[in-house]
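Report on the structure
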Amino acid sequence: MPAILRSVSDLSCAVAAWKAAGDSVGLVPTMGALHDGHLSLARAAKAGCDRVVVMIFVNPAQFGDGADLALYPRTEAADAALLAPLGIDAIFAPGVEAVYPPGFATRVSVTGLSDAMEGAFRPGHFEGVATVVAKLFGMAQADQAYFGEKDWQQLQVIRRMALDLNLATAVVGCPTMREADGLALSSRNARLGPKDRTIAPALHRAMQAVATARGAPEAIAQARSDILLAGFASVDYLDLRDASTLEPVHTLERPARLLAAATLGGVRLIDNIPV
Ligand code: AMP
């Protein structure tokens, strides 16, 4: 089993020793409840770095309401067992007070990129994410940090933050892992009932139809109605955006991304694909 580090000083000491020996260090931030999507990041980190730390921390700062935070699955022993065969070097699983000690007063806000889509539906979410990732980059001093394209807007926010703050850790994006039927892997999928689980792939299917139609507005309108017809309760957004600035795109001239959030059986699913 990989060593479990609880304190920031344990993490710093481990990383300092590795770096002194000339090893490169990769970091994989997660909130636990690990699935193959997370494991793909850990594998990419293993392939790219000599030493790998997986962080498991359910970050209270990125949850809007306490109920959602309380509901978040915490499965540390199972997570450690899933990571064991991958040969990672350590799990960093600090308590909330180790990350946010008394007196903690700083917030990192990435304006613009954080405003629309997830930012509009989850006020404060990206500020919580950017703050904890900036802290984590400071604590771990890793060479590379690995994030999933599954959370495309988050990936752009983190890239911008690392660039703007001259952080020394390189941000690496990794492809979205999916079920055979196209549903993007997510810890939230476990909350879908059996019937909703059969409906869920309709989101990705409808998005692919938009990509095939090169993001035409009629195709987006059609996809929205197909998602609802399939049984989703609501579509929060289904937006064609510039892949890196996330500005709305009307004509396809640069790489674009179709991003969506929709609710099914009380479970909010997000996904995105290139167009
Ligand atoms: P989370 O634990 O949900 O905060 O996710 C931790 C990291 O895993 C983030 O960088 C996510 O983008 C990434 N991730 C989540 N689901 C997937 C997936 N299906 N494929 C690839 N990466 C993922």
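This text gives an overview of the structure that appears in the document. (Residues numbered from 1 in each chain as written. Predicted model: local features only at pLDDT ≥ 70, side-chain atom pairs only at ≥ 80, totals over all residues. Heavy atoms only, no water.)

1. Some words on helix 4 (residues 76-83)
Worth spelling out the cut-off: Per-residue accessibility, obtained with a 1.4 Å probe over protein chains only, is compared with the maximum for each type, and a residue is labelled buried under 20%, exposed over 50%, and partly exposed between these values. A run of H or I in DSSP becomes a helix once it reaches four residues, and a run of E becomes a strand once it reaches two; helices and strands are each numbered from the N terminus. What the arc describes is the spread of directions from the helix axis to the C-beta atoms.
Along helix 4, the positions that sit buried rather than exposed are D79, A80 and L83. The buried residues of helix 4 occupy an angular sector of 100° when the element is viewed end-on, so they sit on one face.

2. Focus: the packing of aromatic side chains
Using the following cut-off: Ring pairs are drawn from Phe, Tyr and Trp, using the six-membered ring of Trp, whenever the two centres fall within 6.5 Å, and their geometry is named by plane angle: stacked under 30 degrees, edge-to-face over 60, tilted for the rest. Both a distance and an angle decide whether a charge sits over a ring: NZ of Lys or CZ of Arg must be within 6 Å of the ring centre and within 35 degrees of the ring normal.
In this structure the tally under the stated criterion is five aromatic pairs. Measuring from centroid to centroid gives 6.3 Å for F57 and Y100, while their planes differ by 45°, and the two rings are tilted. Of the two residues, F57 sits in the loop between strand 3 (51-56) and helix 3 (66-71) while Y100 sits in the loop between helix 5 (96-99) and helix 6 (118-121), which places them 43 residues apart along the sequence. For Y100, a relative accessible area of 18% corresponds to the buried category. Plain terms: the ring middles of F63 and Y72 are 5.6 Å apart, the flat faces sit at 75° to each other, and that makes the pair edge-to-face. Judged by relative accessible area, which is 10%, F63 ranks as buried. An aromatic cluster of at least three residues, connected via ring pairs, comprises F57, Y100 and F104. The ring of W152 is capped by R257, whose NZ or CZ atom sits 3.7 Å from the centre of that ring.

3. A closer look at the site of the ligand
Applied cut-off: For this purpose, a residue is taken to be near a molecule or strand whenever a single non-hydrogen atom of the residue falls within 4 Å of it. We define a polar contact as two N or O atoms separated by no more than 3.5 Å, with the added condition that, inside protein, one atom must be a possible hydrogen donor and the other a possible acceptor, whereas residues neighbouring each other in sequence contribute only through side-chain atom pairs. Residue burial considers only the protein chains on display, and all accessible areas are found by Shrake-Rupley using a 1.4 Å probe. By the convention adopted, Pro, Cys, Tyr, Trp, Phe, Met, Ile, Leu, Val and Ala count as nonpolar, Lys, Arg, Asp and Glu as charged, and the other residues, Gly among them, as polar.
In the vicinity of the ligand there are 17 residues, among which M31, G148, D151, M177 and L185 approach most closely. Here a nitrogen atom of the ligand sits 2.8 Å away from a polar atom, N or O, in the main chain of M177. Protein coverage of the free-state accessible area of the ligand, which is 490 Å², stands at 91%. For the shell around the ligand, the elements supplying multiple residues, two or more each, are strand 2 (25-30), helix 2 (36-48) and strand 5 (144-148). For the shell around the ligand, the leading source of residues is helix 2, giving three residues. Its residues assigned to classes, the shell around the ligand comprises eight nonpolar, seven polar and two charged.

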